[in-house]
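Here are the chains, one letter per residue:
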Amino acid sequence: MITATDISVRFGGLRALEDVSVQVEPGRVEALIGPNGAGKSTLLNVLSGFVRPTSGSIQVDGTDVTRAAAHRRARSGIARSFQTPRYVPHLSVADNVLLGFFPRVKGGLVHTLLGTLGQMRQERQIREQLDTLLEEFELHEVASEEAGNVPLWQLRIMEIARCMAARPQYVFLDEPAAGFDDKERALLAGQVSKLTQAGVGVLLVEHNFGFIKTVSSHVTVLAQGKHLASGEPSQIDSDPRVVEVYLGKEEH
Ligand SMILES: Nc1ncnc2c1ncn2[C@@H]1O[C@H](COP(=O)(O)OP(=O)(O)OP(=O)(O)O)[C@@H](O)[C@H]1O
């Protein structure tokens, strides 16, 4: 389990987070919601090691990782997606997913990227795992297309598949359904549930409450950097404080 306790972050004079606590459990989706500027991305960045908290602590499966850099967290089983998908547009979808195997390849330096990609393609075990991932996340039909030619919703699923290549225990998803229509959201919900079925703990930052209700088991609500409420989606949905600051203004 990931346990973040009393996390505070200051950017100069701005208090982006104040004493916020959250837990991510294996096989469950913890959703993080709140209005713009509430501190959701900052908390996700703190948990994945991209932002150092001013105070507070983070434990992953009982080990303190508060001071550990992002690459060390990746090695301790955390993978994440970004609000704007990060990918190499001129590489195929399959090769972009292949990049996710890097944390498992010893000595995989970025400047050896292309050479290593070539070697990895040769390795039967990795090739088989890649094929399984592409199949599982329904990317096989676009596997050989250049990622730059693939629609946004498939790029986001490609990012999730790439996260899973590292065999993570925890995956953080930053607004994975932003800009999606109902059909794309339903497809994405199906893919997210594959993560929890595999025992992965998911932290989901998302604005669409309908999507949150479909996939998550617990919700933490932030407002102006502080904890506002937490509970099951059905409790949050009817919490007057949450409706006032957030849900009343959002699609749900
Ligand atoms: N690197 C930074 N330097 C200075 N201020 C920052 C930085 N990152 C975030 N902030 C500020 O911290 C506050 C929280 O921002 P954050 O992006 O975490 O909110 P959010 O809930 O993710 O918002 P959104 O829904 O718009 O993505 C905001 O006031 C933001 O301007």
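About the cut-offs
- In this numbering scheme, every chain counts its residues from 1 along its sequence in written order.
- Whole-chain, interface and lining totals are the exception, using all residues; otherwise, since this is a predicted model, local features are given only for residues with pLDDT of at least 70 and side-chain atom pairs are given and counted only at 80 or more.
- Helical segments are the DSSP runs of H or I of at least four residues, strand segments are the runs of E of at least two, and each set is numbered from the N terminus.
- Three exposure classes are used, based on other C-beta atoms lying within 10 Å of a residue's own C-beta, which is placed from the backbone: buried for 20 or more, exposed for 12 or fewer, and partly exposed in between.
- Note on definitions: a residue is near a molecule or strand provided its C-beta atom, placed from the backbone, lies within 6 Å of it.
- Polar here means any residue other than Ala, Val, Leu, Ile, Met, Phe, Trp, Tyr, Cys and Pro, which are nonpolar, and Asp, Glu, Lys and Arg, which are charged; Gly is therefore polar.
- Here the rule is simple: two strands pair whenever DSSP picks up at least two bridges between them.
- Throughout, a residue-residue contact means that the two C-beta atoms, derived from backbone geometry, are no farther apart than 7 Å.
- A fitted line through C-alpha atoms serves as each axis, taken over the contacting stretch for helices, and the angle formed by two N-to-C directions is quoted from 0 to 180°.
- Multiplying 1.5 Å by the helix residue count minus one yields the expected span of that helix.
- Here the angle decides the label: under 35 degrees means roughly parallel, over 145 means roughly antiparallel, 65 to 115 means roughly perpendicular, and every other value means oblique.
- Residue-level confidence of the predictor is what pLDDT reports, using numbers from 0 through 100.

Looking at an unreviewed UniProt entry, one finds the chain named ABC transporter ATP-binding protein and attributed to Georgenia yuyongxinii.

Asker: Break down the overall build of the chain for me, citing the residues and quoting the values.
Answerer: Per the secondary structure count, the chain includes ten helices and ten strands. Scored against the burial criterion, the 252 residues of the chain give a buried share of 40%.

Asker: Account for unusual backbone geometry, with residues named and values stated.
Answerer: Of note, Asp61 is a non-glycine position whose phi angle comes to about 50°, a positive value. As for its placement among the helices and strands, Asp61 is situated in the loop between strand E4 (55–60) and strand E5 (63–64). Unlike most non-glycine residues, Gln224 shows phi in positive territory, near 50°.

Asker: How would you sum up the site of the ligand? Please name residues and give values.
Answerer: Neighbouring residues of the ligand: Phe11, Leu14, Ala16, Gly34, Asn36, Gly37, Ala38, Gly39, Lys40, Ser41 and Thr42. Among the elements of the structure, strand E2 (14–24) and helix H1 (40–48) are those that each provide at least two residues to the shell around the ligand. In terms of residue count, the dominant contributor to the shell around the ligand is H1 (three residues). Each residue belonging to the shell around the ligand can be placed in one class, and the counts come to four nonpolar, six polar and one charged.

Asker: Residues and numbers for the environment of Glu244, please.
Answerer: Structurally, Glu244 is set in helix H10 (residues 240–245). Remark: the alpha-carbon pair of Glu244 and Thr196, spanning 48 residues in sequence, is separated by 31 Å.

Asker: Let's hear about the sheet that holds E4: which residues, and what values?
Answerer: Here four strands make up an open sheet; going across it, the order is E2-E1-E4-E5 and the pairing antiparallel. Looking at the sheet topology across the chains shown, the edges are occupied by E2 and E5. Both strand E1 (residues 2–11) and E2 contribute to a ladder of seven bridges, which runs antiparallel. Residue pairing across strands places Thr3 opposite Gln23, the latter belonging to E2. Across the sheet, H1 lies against E1, E2 and E4, angled at about 120° from E1, the strand it touches most.

Asker: Which residues make up helix H6 (residues 152–165), and what are the values?
Answerer: Taking 1.5 Å per residue as the helical rise, H6 with its 14 residues ought to reach 20 Å, and the 20 Å between its terminal C-alpha atoms agrees with that figure. Buried-residue contacts for H6 involve strand E6 (78–80), helix H3 (93–98), helix H5 (124–136), strand E7 (170–174) and helix H7 (182–197). Trailing H6 by a residue or two, Arg167 shows a phi angle of about 50°, which is positive.

Asker: I'd like to hear about the packing of H6 against H7, residue by residue, with values.
Answerer: In contact at an axis separation of 11 Å, H6 and H7 are set at 10° when each is read in the N-to-C sense. Taken together, the axes of H6 and H7 are roughly parallel relative to one another. Here H6 contributes Trp153, Arg156, Ile157 and Ile160 to the contact with H7, which in turn contributes Glu184, Leu187, Leu188 and Gln191. Looking at the contact of H6 with H7 residue by residue, the classes come out as five nonpolar, one polar and two charged.

Asker: I'd like to hear about the environment of Glu175, residue by residue, with values.
Answerer: Looking at where Glu175 falls in the secondary structure, it is placed in the loop between E7 and H7. On the basis of neighbour counts, which here come to 20 C-beta atoms within 10 Å, the residue Glu175 falls in the buried class. Not counting the four nearest positions on each side in its chain, Glu175 is found in contact with Gln83, Val205, Glu206 and His207.

Asker: Can you break down H1 residue by residue, with the values?
Answerer: Here H1 lies mainly inside the structure; seven of its nine residues are buried. Within H1 the residues assigned to the buried category are Lys40, Thr42, Leu43, Leu44, Asn45, Val46 and Leu47. A positive backbone phi angle near 90° is found at Gly49, which sits one or two residues after H1.

Asker: So what about the confidence of the model for the chain? Which residues, and what values?
Answerer: Regions with low pLDDT carry predicted coordinates that are not meant to be interpreted in detail. Across the chain, the average pLDDT comes to 87, with 90% of residues at or above 70. Model confidence for the complex: the whole-complex pTM is 0.87, and ipTM, which rates the interface, is 0.96.

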